[in-house]
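# Architecture at a glance
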Amino acid sequence: MIEISTLTKVFGSGQEAMTALDNVSVTIAENEFFTLLGPSGCGKTTLLRMIAGFELPDTGEIRLDGQPVTHLPPHHRPINTVFQNYALFPHMNVAQNVGFGLEMLGRDRKEIDATVARTLELVRLDHLAGRRIDQLSGGQQQRVALARALAPAPKVLLLDEPLSALDFKLRKEMQSELKRLQLETGITFVFVTHDQEEALTMSDRIAVMSAGKILQIGRPMDIYDRPAARFVADFIGDINFIEGTVTDGGTVATGSGDLAVTAPLPASGTTVTLAIRPEHVMPGAEGPNSLAGTLAERVYFGSGTVLEVDLGATRISCRTGDAPFAEGAPLSVTLPPERLQVLQD
Amino acid sequence: MADATETRKTPRAKAFDLRRQPGFAAAAWACIIFLYAPIVVLIVFSFNDNRSVVRWTEFSLRWYTEAFANEGIQKATWMSLKVAFVATALATTFATMAALATTRVARFRGQGIVFAIINQPLMIPEIVTAVATLSFFSLIKQATGWQGVGFLMLAHTVFCIPFAFLPIRARLQDMTITLEQAAADLYATPWAAFRRVTLPLMAPGILAGATLAFVVSLDDVIITLMIAGPGETTLPIYILGQIRRGITPEINAVSTLLLGLSLLLVSLTFLLGRKRSRA
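Residues numbered from 1 in each chain as written. Chains lettered and ligands numbered in written order. Predicted model: local features only at pLDDT ≥ 70, side-chain atom pairs only at ≥ 80, totals over all residues. Heavy atoms only, no water.

### What to know about helix α3 (residues 109-122) of chain A
Operational definition: Secondary structure elements follow DSSP: runs of H or I no shorter than four residues count as helices, runs of E no shorter than two count as strands, and numbering proceeds from the N terminus. Expected helix span is taken as 1.5 Å per residue step, with the number of steps being one fewer than the number of residues. Residue contacts follow a heavy-atom distance rule, with two residues in contact if any of their heavy atoms lie within 4.5 Å.
Compared with the 20 Å implied by 1.5 Å per residue over 14 residues, the 20 Å span of α3 of chain A between its first and last C-alpha is a close match. Looking at the buried positions of α3 of chain A, the neighbouring elements they touch are α2 (94-104) and α4 (138-150) of chain A.

This is the structure in structure tokens:
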């Protein structure tokens, strides 16, 4: 278990000061696949480097299984990292790379050889043990980096955007591979990415970060279905925002009409933002929350179609399967009340 | 107007080939001939069976045999090698430390000044360094009474440092620091990370730096001329002394050997470096 409490880090000083981490607290459970998600510069990599020991916080503490590790140098932490560009040792072969950690831990030769063989098998590279690093493809290097970090059986494995250098197909393959490895080894994975899809498919829990702060922590479906802030809603997936004001009648008045919501509303008169995913918007008038508009644009994307509907005051996109609608024709959309999120920032 | 010239220039710039410019080939050949013709002549006449260095008679190894038998040359060679070895070892060690200290730490204020200070001997005219070192050493010698070849070795070490420093630093700058972080992440102590990762990877740079330092030390005249005491004649100084009495084929032979040694060292470094970077 990793307990991170009130970590703050400021780089530079004076006018150039940049707050990389702003009072960040999070607890990561044993055996969890935990993802730090955010755009570049949000502080996710700084947080990862702090857990690894490459960066010291200005204030705050990191505990691993109850033991404070905040100021331990990297080589004293039972934590291994898969670096973004792999950082494989070019002067050693595959097996020597994978065995490096165990060797540094002073394990005997026999045990090292056995563990290296077992770990290479785990990442399906046992046939390449004697290869030089520059003879490997990008995907193979990725697996060697994984094996090298897994071989010493760390308590925590840190992964710094490890899939970003791979092409689309390989990335898909490695995503399920990583998930499998995490389940098989039972090691806590802390994964850093800016790719929301990667985060949603692999993680047990996600922490969405922006400007040095954690905005929301939750399971992928919580984050997707109930974003706590506009930034989270916008960063993950596609979403429509509709500005409005809470009315006395418990509805939200928008430029295109009054909308009922099932989520709790703040006091009457408060400005709020309603958010709804395109796949939850239904074409056609069906029940409450129907808004009349015209079909402005139709975009076909293979497994479905996105309809851009002009509601006068605002535009809304609606994702649907088949779309027998003509551009320019009148089209109503229905926003199911239970699908409308109420955001207040 | 500006646009018009732009568009006219672009297709020409694409087809531009420096090698096809008028005068390029002539200039290149002139450079090559002026550089290498004298050396070729020197080598050829070192194999001439005649005392003259301008008139060829017959092939012979006579001057090499005489050079090897010459006690003055023997002593000078031995002195040169001794000084070069010590200076190279010391200069390379210091240069390695300096290169690590300027690349493997967080950026600090005055880093540029440190860099300039290390490379200073390259900028200052050698004669100035020589005179300054001479008077400084005289002061020390007077105050302490110390004598010996150590002073010459020290002087050589000093001017060899920047030559060793540059290739080592270049190599370190090419190496990402993530590799050392990866080693630390995998439980390597700072010393183990240095020995197992940094040092093997920077070895080609160290080798190149050491070779350069060795050749520079072997070749030095001005500083050595000032600093060397009696009995501390190095090979270049010996050659210089002999030439005052006219060029002999024996000097040609010695020079050819010196050239051969330099070439051998440089090729060796190149080959080893290439092998290393592939491994």
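### Topic: the confidence of the model for chain B
All names here are of chain B. Note the following rule: The pLDDT score gives, residue by residue, the confidence of the prediction method on a 0 to 100 scale.
In the predicted model, chain B carries a mean pLDDT of 86, and the fraction of residues at 70 or more is 92%. For the stretch residues 1-9, pLDDT sits under 50, and the model shows 0 contacts to residues farther than four places along the chain or on other chains. Among the prediction metrics, the complex's ipTM stands at 0.83, with pTM recorded as 0.81.

### Regarding the domain arrangement of chain A
Residue and element names in this part refer to chain A. Applied cut-off: Each domain span listed reflects an automatic or database assignment of domains. Buried area adds together the accessible area that both of two parts lose upon being put together, with accessible area traced by a 1.4 Å probe.
With domains assigned, chain A is organised as domain 1 (2-234) and domain 2 (238-343). One C-alpha centre belongs to domain 1, the other to domain 2; they are set 39 Å apart. Tallying the contact residues gives 10 residues for domain 1 and 9 residues for domain 2. Across the domain 1/domain 2 interface, buried area totals approximately 820 Å², and carbon plus sulfur atoms make up 48% of it.

### Digging into the packing of α4 of chain A against helix α5 (residues 168-185) of chain A
Between two packed helices, the angle of one axis relative to the other and the distance separating the axes together describe the packing. All names here are of chain A. Our working rule: The convention used is that axes are lines fitted to C-alpha atoms, helices contributing only their stretch in contact, and that angles between N-to-C directions extend from 0 to 180 degrees. Roughly parallel here means an angle under 35 degrees, roughly antiparallel means over 145, roughly perpendicular means 65 to 115, and every remaining angle is called oblique. We call a crossing left-handed when the near helix sits turned anticlockwise from the far one by less than a right angle, and right-handed when that turn is clockwise.
In the contact formed by α4 and α5, the axes pass within 12 Å of each other and the chain directions differ by 15°. Our classification of the angle between α4 and α5 gives roughly parallel. The way α4 lies across α5 gives a crossing that is right-handed. Every residue of α5 that contacts α4 at G139, Q142, R143, L146 and L150 is listed here: L170, E173, M174, E177, L178, L181 and T185.

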